[in-house]
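# Structural overview for review
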Protein chains: 4
Amino acid sequence: MSAPCSCKHAEEESQNGKLSVLTPELQKEFEDPNHPANLICELCRLFYDNNWVTGTGGGISIRDIEGKNPNLVYIAPSGVQKERIQPWEMFLVELPDEKILRTPNDIPKELTKSYKYKPSACTPLFMSCYAMRDAGACIHTHSQHAVMVTLLFENQKEFSISHIEQIKALPKLEFNETTGKVEKVGSMEYYDKLVIPIIENTPHEEDLTDSLQEAIRNYPGASAVLVRRHGIYVWGETVWKAKVYNEAIDYLLELAVKMKLAGIPLVKEE
Amino acid sequence: MSAPCSCKHAEEESQNGKLSVLTPELQKEFEDPNHPANLICELCRLFYDNNWVTGTGGGISIRDIEGKNPNLVYIAPSGVQKERIQPWEMFLVELPDEKILRTPNDIPKELTKSYKYKPSACTPLFMSCYAMRDAGACIHTHSQHAVMVTLLFENQKEFSISHIEQIKALPKLEFNETTGKVEKVGSMEYYDKLVIPIIENTPHEEDLTDSLQEAIRNYPGASAVLVRRHGIYVWGETVWKAKVYNEAIDYLLELAVKMKLAGIPLVKEE
Amino acid sequence: MSAPCSCKHAEEESQNGKLSVLTPELQKEFEDPNHPANLICELCRLFYDNNWVTGTGGGISIRDIEGKNPNLVYIAPSGVQKERIQPWEMFLVELPDEKILRTPNDIPKELTKSYKYKPSACTPLFMSCYAMRDAGACIHTHSQHAVMVTLLFENQKEFSISHIEQIKALPKLEFNETTGKVEKVGSMEYYDKLVIPIIENTPHEEDLTDSLQEAIRNYPGASAVLVRRHGIYVWGETVWKAKVYNEAIDYLLELAVKMKLAGIPLVKEE
Amino acid sequence: MSAPCSCKHAEEESQNGKLSVLTPELQKEFEDPNHPANLICELCRLFYDNNWVTGTGGGISIRDIEGKNPNLVYIAPSGVQKERIQPWEMFLVELPDEKILRTPNDIPKELTKSYKYKPSACTPLFMSCYAMRDAGACIHTHSQHAVMVTLLFENQKEFSISHIEQIKALPKLEFNETTGKVEKVGSMEYYDKLVIPIIENTPHEEDLTDSLQEAIRNYPGASAVLVRRHGIYVWGETVWKAKVYNEAIDYLLELAVKMKLAGIPLVKEE
């Protein structure tokens, strides 16, 4: 209500001052509000307000598909307050070898206050989405709607919902035998059954990689994977598609929790 | 909380820069914060915060009833992020023939980034409200309160509530035999029963037109139509009336869900 | 999330322009952010975000107790969007005769767009709080927590809660036989039972006056009156006290709804 | 949505004006946005939006661990609107004797409007966290999730939850026999059981001190103490750690309420 806002102009002003310790190249990058590093910051602030990344939880990674090298991937670091990250705090990785090109530990100490950054534990999971689905961005949240759905359906390996208009915001995906890739062939229909696989959580986030990859393989129609008692991974062709899919799915998960508690079946029998 | 705000002045500044590629006429239009195209942007941002238009869902259309040609109608495009639309992205249609006068596809590519805009699938529904009720604006949301009410009363063809103060924010409408029109004759009373018809959803939004029109005809007292498993359409004499009616109805739908789950009848027997 | 904010500086700028059509005296008044007319605007925006005054519902009135004439009372008009009111839209009334000194209908048409303002239907209720309790401000909301409490306890004439820390934010009031007035003698204790009378709603808001006055008389310890199926009236010695009491009471009403639905008694037996 | 934001630059501007009545030393202190007194203001605005400190409830204290004298502690005053406090309104106390070095009552009356400030009733509780745990900051909220958990488990002396990913945001603490101190040895694991002691509320907040200290002694692994029917105390090594722990715990308390009401056990049997 009366909370501090982070007006773009205010930020720009203050950042311009700070940015001067960076190389001119980096300065120029970070002056562009549409640069992946800045978009990660903007979206993390938005996600924080939705209770999706509070307490350093969750994260986001964007692939620079519109840039000169579409194999560059920006990833927010581990364990920091997501709503307060700055563009120079990202790890920069190159696909397909996942070579680390830049880390925030290379940034002048004036900006990082000598903090020792670690790559996000989600990194191999994000990489799986890039490699297996040619994603342009990948979002990971600790959404309580996601966690509640995995708890309310504790014995199920997938979440299903049908006959809700918001399903139409999600892509219809199909495996193309010729290209050997999962490709978007349109949008889901209102009456389609949206199915999202649920994998079991593991003590260490990186250990989710195998089961996430298996779920992605087994569910070619899915744009997301739920992790029981943990949250959700959502990806899309671009950062904006990933954002829209994540919003639509979270809307459906929120509705699904209400429906389940009210005794309304999630999948409508026709 | 710490999310980016979109201060008017910041926006104006940045837009002034961008707007320079437009014709002087369009520039002048879009400099007026009360221009329908700008009001659509402002209200979509507001609706986004209410979870009414997340994930590209929902939309709004405004008729320029205070302008030189009150038959001009501005409509937000299909499938875009509603909270981020810009004034030049609207379709402009003239009543009563629904002739398209301008599309965002005519706007210089610098602004649209060559995106191929499609008219909203809600267009024939908005047009029905303009034609049948002489509306000044029409709002369509995916409000979860609206969807939940249609699910909690899955076998009912209408939603009814009475004896709640907020009902007084809604107009009392009556069919005037002389003019052959539905006209506002005052405000609803506290003890009045608010009745909103519920129509069944269809796979394609435009296919809702017939049943929406039938509902509008059969419910001359209604300012809104609920769409099962989908959302709601609300209209009003002006954009601000439509906004107020939509807020009041959503308040009542939210309350109705709570009342139903707590076992409290929505219509009070006297 | 990305909704338009109304930064003070932005507002001031735009208002300074608009204000120039006013008399220098009024201009000076409205330049002071702590002027009652400006505080009403600020608090209405805040209340809107809490779902307390959406759809033109609710309102607020402030008595200028720190001004030259502490009998001046500012009241927001009826039926307008509360989050968008401007300082020149207030009715100005003088106690104790409730003489109207100024109405927004006297303001230059450039500012009011010739809108015909009506005094709030809450006016006699606000006046009752000023007359009977020497209040400095009075807040009226359509809070859903307030409405739900009156519905969950439909057969009760009062709302009671005890043993919640937040109760300590409320004043301990006692009738002083010497002065013949209800006076604040301290703060409520954690273990005190907070009692708020519930009156029945009436078709016309002004008809609530008698029962509100009766409730105020019968409950000398109360700082608020609940109106069944309608909302709540809360008052305090100053505008800030009224705001704090209203926040604390709404917190308790919200908690009470949760407790009731979970089967937890609101009043703890010791 | 349309609520006033408090842009940093706007604040700075207005504060710069006001600050001129202060000594140059204090002016310089309060110009630094990272000064503990300013951080308290910033975080209180944030907490207000979460319904954690509405109605003057709750508070925060920060120890100046990065300053010249790490024994200085800043504490917000009692009974004021937490989202509106200003940096000069803090009490300044020195550890370990809790000597009051500065009170807002020493500040020029132009700024304080002659308000008589009292130290927060939480002061001895905050001091306990500094003394017993070497905390860098301590947060106290009236979070409804915290209160509800203490009500839903009214007969239990502790709150426990396990197997939720967000648990990993909390520190693993152990008593070090050599130093005689509780020290952080890492982060909690996903499968660890988070245990937070619940103490009974007392009529006067300062009377909680003994039971809070006892709970801190008996639960060397805890970073927080719940107070039944009241709220929670959370502390951390730095202000940012305390903020993150508080967010993570509140997320878990919110989830715990939902789980309990849905009949899902909070601690998973393996």
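Residues numbered from 1 in each chain as written. Chains lettered and ligands numbered in written order. Predicted model: local features only at pLDDT ≥ 70, side-chain atom pairs only at ≥ 80, totals over all residues. Heavy atoms only, no water.

In the annotation of an unreviewed UniProt entry, chain A is listed under the name Methylthioribulose-1-phosphate dehydratase and assigned to [Candida] subhashii. Quoted verbatim from the Sequence similarities (unreviewed entry) field of UniProt, the annotation for chain A is "Belongs to the aldolase class II family. MtnB subfamily." The Catalytic activity (unreviewed entry) field of the UniProt record for chain A holds the comment "5-(methylsulfanyl)-D-ribulose 1-phosphate = 5-methylsulfanyl-2,3-dioxopentyl phosphate + H2O". (UniProt positions renumbered as here; feature names shortened; annotations may be inferred.)

Our focus in this paragraph is the overall build of chain A. Along its length, chain A carries eight helices and eleven strands. For 270 residues, the compact-globule formula gives about 18 Å, and the C-alpha radius of gyration of chain A, at 19 Å, lands near that figure. Taking the principal axes of the C-alpha coordinates as reference, chain A spans close to 65 × 50 × 35 Å. Residue burial in chain A is summarised as follows: out of 270 residues, 59% are buried. In chain A, once contacts between residues fewer than 6 apart in sequence are set aside, the share between residues at least 24 apart is 65%. Looking at chain A as shown, the accessible area adds up to about 10,700 Å², and 49% of this sits on carbon and sulfur atoms. Considering chain A, the positive charge centre built from 29 side chains and the negative charge centre built from 39 side chains are found 2 Å apart. (Helix = DSSP H or I, 4+ residues; strand = E, 2+ residues; numbered from the N terminus. Rg over C-alpha atoms; globule rule 2.2 N^0.38 Å. Buried < 20%, exposed > 50% of the residue type's maximum accessible area, 1.4 Å probe, protein only. Contact = heavy atoms within 4.5 Å. Areas by Shrake-Rupley, 256 points an atom, 1.4 Å probe, with all protein chains shown as cover. Lys, Arg positive; Asp, Glu negative; His and termini not counted. Charge placed at Lys NZ, Arg CZ, Asp CG, Glu CD.)

This part covers the pattern of salt bridges. Applying the stated rule across the entire model yields 56 salt bridges over all chains. The salt bridge involving B:Asp134 is made with B:Arg63; its shortest N-O contact spans 3.7 Å. Placement of B:Asp134 in the loop between helix 5 (123-133) and strand 5 (137-141) and of B:Arg63 in strand 1 (residues 59-63) is noted, with a sequence separation of 71 residues between them. The class for B:Asp134 is partly exposed, based on a relative accessible area of 43%. When the shortest N-O distance is used, the salt bridge between C:Asp192 and C:Lys172 registers 2.8 Å. With C:Asp192 in the loop between strand 8 (181-187) and strand 9 (193-199) and C:Lys172 in strand 7 (residues 171-176), this pair connects stretches of sequence that are 20 residues apart. Each of A:Glu42, A:Lys243, A:Glu247, B:Glu83 and B:Arg84 takes part in one network of salt bridges that share partners. (Salt bridge = Lys/Arg side-chain N within 4 Å of Asp/Glu carboxyl O.)

Time to look at the state of the cysteines. What we call a disulfide is simply a covalent bond connecting the sulfur atoms of a pair of cysteines. Residue and element names in this part refer to chain D. Enumeration over the complete set of coordinates arrives at zero disulfides over all chains. Cys138 supplies the cysteine sulfur nearest to Cys122, a cysteine that is in no disulfide, at a spacing of 8.4 Å. The class of Cys122 is buried, set by a relative accessible area of 3%. Lacking any disulfide linkage, Cys129 is separated from the closest cysteine sulfur, that of Cys138, by 3.5 Å. On the accessibility criterion, Cys129 (0% relative accessible area) is buried. (Disulfide = S-S within 2.5 Å.)

Let us look at helix 3 (residues 36-49) of chain C. Residues and elements named next belong to chain C. The end-to-end C-alpha distance of helix 3 is 20 Å, a good match for the 20 Å that 14 residues give at a rise of 1.5 Å each. Across the 14 residues that make up helix 3, a large majority, 13, are buried. Just downstream of helix 3 lies Asn51, where phi reads positive at about 70°. (Expected span 1.5 Å × (residues − 1).)

Mean pLDDT for chain A: 92, with 94% of residues reaching 70 or above. ipTM for the predicted complex: 0.94, alongside a pTM of 0.95. (pLDDT = per-residue confidence, 0-100.)

All names here are of chain B. Put simply, helix 6 (residues 144-152) and helix 8 (residues 239-261) touch, their axes get as near as 8 Å, and they point 40° apart. As far as their axial angle goes, helix 8 and helix 6 are oblique. Crossing hand, helix 6 versus helix 8: left-handed. The residues of helix 8 that touch helix 6, namely those facing His145, Ala146, Met148, Val149 and Leu152, are Asp250, Leu253, Glu254, Ala256, Val257, Lys260 and Leu261. When grouped by side-chain class, the residues that make up the contact of helix 6 with helix 8 number eight nonpolar, one polar and three charged. (Axes fitted to C-alpha atoms, helices over the stretch in contact; angles between N-to-C directions. Parallel < 35°, antiparallel > 145°, perpendicular 65-115°, else oblique. Left-handed = near helix turned anticlockwise from the far one by under 90°. Nonpolar A, V, L, I, M, F, W, Y, C, P; charged D, E, K, R; others polar.)

We now examine the environment of C:Ile75. Residue and element names in this part refer to chain C. If you trace the backbone, Ile75 turns up in strand 2 (residues 72-75). For Ile75, a relative accessible area of 2% corresponds to the buried category. Separated by 84 residues in sequence, Ile75 and Phe159 have C-alpha atoms that sit 28 Å apart. Residues contacting Ile75, with those up to four places away along its chain left out, are Ile40, Ile60, Ser61, Met90, Phe91, Val93, Ser120, Thr123, Phe126 and Met127.

Let us look at the sheet that holds strand 6 (residues 158-162) of chain D. Residues and elements named next belong to chain D. Read from one edge to the other, the open sheet built from nine strands follows the order 4-3-2-1-5-11-10-9-6, with strand pairing classed as mixed. Unpaired on one side and paired on the other, strand 4 (99-102) and strand 6 mark the two borders of the sheet. Here the average twist between neighbouring strands, direction ignored, is 20°. For strand 1 (residues 59-63) and strand 5 (residues 137-141), the ladder comprises four bridges, and the chain directions are antiparallel. Opposite Ile60, over in strand 5, you have Ile139 as the bridge partner. (Pairing = 2+ DSSP bridges.)

Turning to the pairing of strand 7 (residues 171-176) of chain D, a few remarks are in order. All names here are of chain D. Taken together, the six bridges between strand 7 and strand 8 (residues 181-187) define a ladder with antiparallel strand orientation. Bridging across to strand 8, Lys172 finds its partner in Gly186. Connecting strand 7 to the next strand, strand 8, in antiparallel fashion are four residues, including Gly180 with a positive phi near 70°.

A separate point is the UniProt feature "domain: Class II aldolase/adducin N-terminal" (unreviewed entry) in chain A. Following the UniProt record, one finds the feature "domain: Class II aldolase/adducin N-terminal" (unreviewed entry) at residues 38-257 of chain A. Structurally, residues 38-257 of chain A is divided into 30% helix and 26% strand, and its ends, taken at the C-alpha atoms, are 33 Å apart.

So, on to the packing of aromatic side chains. In the structure shown here, the tally under the stated rule is twelve aromatic pairs over all chains. Centroid distance B:Phe126 to B:Tyr233: 6.0 Å. Interplanar angle 70°. Geometry classified as edge-to-face. One end of the pair, B:Phe126, is in helix 5; the other, B:Tyr233, is in strand 11 (residues 231-236), and 107 residues separate them in sequence. Take B:Phe126 and B:Tyr233: they sit in the same class, and that class is buried. Note on D:Tyr115 and D:Tyr117: the rings are 4.8 Å apart at their centroids and 70° apart in plane angle, and the pair reads as edge-to-face. (Phe/Tyr/Trp six-rings, centres within 6.5 Å; stacked < 30°, edge-to-face > 60°.)

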